[in-house]
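Working through the structure, step by step
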Amino acid sequence: MRQTTVTADAEGNTPVVVLDQYIAPFQVTYAKTGSGTVQVSATDPYPVVNGNFTTASFTWISAPTTAPNTTTFLAQPYRAMRLTGGAENDTLTVIQGGVK
């Protein structure tokens, strides 16, 4: 995926950035501005019920902080991420390797 930057609203939350969990190896790098918390989810962002797409009901956890870089690298296959609890106009920039 191309670099994606989302901006927090007045409540300090950004739109959801959908990731492709099928890319192997799964590699996502992110950077944030401000004081918000980066969260990830394994929830399907495009759920289908009775043959119709419905609104996703995400279960969010704080983004893991593991090697090689303790704040900006994900190697586990997540399906979506966001910035929450920040200030208006904080940003989250996401880059996923392996996707054009």
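Residues numbered from 1 in each chain as written. Predicted model: local features only at pLDDT ≥ 70, side-chain atom pairs only at ≥ 80, totals over all residues. Heavy atoms only, no water.

1. Things to note about the pairing of strand 3 (residues 28–32)
Going by this rule: Two strands pair under a simple rule: DSSP has to find at least two bridges between them. Numbering of helices and strands starts at the N terminus; helices are DSSP runs of H or I of at least 4 residues and strands are runs of E of at least 2.
Pairing of strand 3 with strand 8 (residues 73–74) involves 2 bridges; the strand directions are antiparallel. Each bridged residue has a counterpart across the sheet, and for Val 28 the counterpart in strand 8 is Leu 74. Both strand 3 and strand 10 (residues 91–96) contribute to a ladder of 5 bridges, which runs antiparallel. Directly across from Val 28, in strand 10, lies its bridge partner Gln 96.

2. Details of the sheet that holds strand 7 (residues 61–62)
The strand order across the open sheet built from 4 strands is 2-9-4-7, with neighbouring strands paired in antiparallel fashion. Of all the strands in the sheet, just strand 2 (17–18) and strand 7 have a single pairing partner and so form its edges. With 5 bridges connecting them, strand 4 (residues 37–41) and strand 9 (residues 80–84) associate as antiparallel partners. The partner of Val 40 across the bridge, within strand 9, is Met 81.

3. What about the side chain of Thr 14?
To be explicit about the condition: Here a polar contact is taken to be a pair of N or O atoms separated by no more than 3.5 Å, where protein atoms must pair a possible hydrogen donor with a possible acceptor and residues adjacent in sequence count only if both atoms sit in side chains. In this description, contact between two residues means that some pair of their heavy atoms is separated by no more than 4.5 Å.
Its place among the elements puts Thr 14 in the loop between strand 1 (4–7) and strand 2. At 3.0 Å, the side chain of Thr 14 and the backbone nitrogen of Leu 83 are in polar contact. Beyond its immediate chain neighbours, meaning those up to four positions away, Thr 14 contacts Val 6, Thr 7, Ala 8, Arg 82, Leu 83 and Asp 90.

4. What about the nonpolar core?
Taken as a class, soluble globular proteins show a tendency for nonpolar side chains to be buried jointly. Applicable threshold: Within this scheme, the nonpolar core is defined by two criteria: the residues are buried Ala, Val, Leu, Ile, Met, Phe, Trp, Tyr or Cys, and they are joined through side-chain atoms within 4.5 Å. Partly exposed describes any residue whose relative accessible area lies between the buried limit of under 20% and the exposed limit of over 50%, with all areas from a 1.4 Å probe on protein chains only and scaled to the type maximum.
Ranked by size, the top nonpolar core spans 16 residues in total, and within it Leu 19, Tyr 30, Leu 74, Met 81, Leu 92 and Val 94 carry the most contacts. Residue assignment for this core shows that the elements contributing at least two residues are strand 3, strand 4, strand 9 and strand 10. In this structure, Leu 74 is in contact with Phe 26, Gln 27, Val 28, Tyr 30, Val 40, Ala 63, Pro 64 and Met 81, ignoring residues within four places of it in sequence.

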